[in-house]
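Each chain is listed here by its residues.
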Amino acid sequence: MYPRFRHTIALVALLSSASLLHAHEAHVHGVGKLDVVLDGQALSLHLDSPLVNLVGFEHAANSAKDKAAVQAMTRTLRGTGTGAVFVASPSAECKLSGVKLESAALDPALLGEPAAAKPAAQAGHDGHADLDADFTFRCAHPERLQKIEVRLFDTFKGFNSIDVQLVTGKRQGAAKLTPAANSIAVP
Ligand SMILES: [Zn+2]
């Protein structure tokens, strides 16, 4: 069991360093960041994006129009709207098992999350806000996973590019996705 244990530690270390790097990168409208990790049957995607890319604004959703925009985004990202935003190779049989959405600007209830014990901290808000989204899939045949199509560009008009970091048991890599090149190749 020792080699397996060591492998898990290495993945955790890679993930932590990737998250730290991202935390210090600028908030650039039109640009999203996506961390993809395949560990056994578990496929995890973490999207970090300026909120404007998804709903067209970054302030609290006060008007009925704003709330409707956030609710439409929530349905799409949770897979209950029209079409999936991440489409894995069908033969890998990956099923979405969990979604977590968070934004400092938005009420958790609008994002389909349980109400927070304390209201989200609004202090220090500089007029910009991000959406942090975690997607978890379970793949029956992870060895057959060859690509993941990212349909965020079609669904949300605010994305110009998405910087991807990929970690699998075999390797790690990086890619820049655009509307014309929206698939992640999985080695
Ligand atoms: Zn912004």
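Counting restarts for each chain, with residues numbered from 1 along the sequence as it is written. Selection of residues for local features in this predicted model requires a pLDDT of at least 70, selection of side-chain atom pairs for listing and counting requires 80 or more, and totals for whole chains, interfaces and linings are taken over all residues. Excluded from the side-chain calculations are hydrogens and water; all other atoms, namely the structure's heavy atoms, are used.

K.L.:
I'd like to hear about the pattern of salt bridges, residue by residue, with values.
P.N.:
Here, a salt bridge means any Lys or Arg side-chain nitrogen found within 4 Å of an Asp or Glu carboxyl oxygen. A complete count under the given rule lists five salt bridges for this structure. As a salt-bridge pair, glutamate 113 and arginine 78 come within 2.7 Å of each other at their nearest N and O atoms. Here arginine 78 lies in the loop between α3 (64–77) and β3 (86–88) and glutamate 113 lies in the loop between β4 (94–102) and β5 (130–139), a separation of 35 residues in the sequence. Between lysine 100 and glutamate 102 there is a salt bridge, with the nearest N and O atoms lying 3.5 Å from each other. For lysine 100, a relative accessible area of 44% puts it in the partly exposed group. Type-normalised accessible area, obtained with a 1.4 Å probe on protein chains alone, sets the label of each residue: buried when under 20%, exposed when over 50%, and partly exposed for intermediate values. Assessed through its relative accessible area of 47%, glutamate 102 is described here as partly exposed. Secondary structure elements follow DSSP: runs of H or I no shorter than four residues count as helices, runs of E no shorter than two count as strands, and numbering proceeds from the N terminus.

K.L.:
With reference to specific residues and values, describe the coordination of the zinc ion.
P.N.:
Ligating atoms shown are N, O and S within 2.8 Å of the metal, or 3.2 Å for Na, K and Ca, and water is not included, meaning a site may look less than complete. Coordination sphere of the zinc ion, protein contribution only: His27 (NE2), His29 (NE2), Glu58 (OE), Glu58 (OE) and His128 (ND1), at 1.9 to 2.8 Å. Expressed as a motif, the donor residue spacing for the zinc ion is H-x1-H-x28-E-x69-H. In this pair, histidine 29 is assigned in the loop between α1 (2–23) and β1 (31–39) and histidine 128 in the loop between β4 and β5, connecting sequence segments 99 residues apart. For histidine 29, a relative accessible area of 40% translates into the label partly exposed.

K.L.:
Give me the lowdown on the pairing of strand β7 (residues 161–167), citing residues and values where you can.
P.N.:
Along β7, five of the seven residues are buried, which leaves the element largely enclosed by surrounding structure. Strands are treated as partners if at least two bridges between them are detected by DSSP. As judged from the seven bridges shared by β1 and β7, these two strands associate in the parallel manner. Of the residues in β7, the one forming a bridge with valine 37 is valine 167. Across six bridges, the pairing between β7 and strand β8 (residues 172–177) is antiparallel. Bridge assignment links glutamine 165 to a residue of β8, and that residue is alanine 174. From the end of β7 to the start of β8, which pair antiparallel, there are four residues.

K.L.:
How would you sum up the sheet that holds strand β9 (residues 183–185)? Please name residues and give values.
P.N.:
Across the sheet, which stays open at both edges, the three strands sit in the order β3-β6-β9 with antiparallel pairing between neighbours. Looking at which strands have only one partner, the edges of the open sheet turn out to be β3 and β9. Recorded for the sheet is a direction-independent mean angle of 20° between the axes of neighbouring strands. By the bridge criterion, three bridges tie strand β6 (residues 147–150) to β9 in an arrangement that is antiparallel. When the bridges of β9 are listed, isoleucine 148 appears paired with isoleucine 184. In this analysis, axes come from line fits to C-alpha atoms, helices being fitted only over the stretch in contact, and the angle between any two N-to-C directions falls in the range 0 to 180 degrees.

K.L.:
Any chance you could break down the sheet that holds β4 for me, citing the residues and the numbers?
P.N.:
Strand order in the open sheet made by the six strands is β4-β5-β2-β1-β7-β8, with mixed pairing throughout. Since the sheet does not close on itself, it has two edges, and those belong to β4 and β8, each with one partner. Strand-to-strand twist across the sheet, computed as the mean angle between neighbouring axes with direction ignored, equals 15°. Note that β4 and β5 share eight bridges and pair antiparallel. Within β5, the position partnered with glycine 98 by the bridge is threonine 136.

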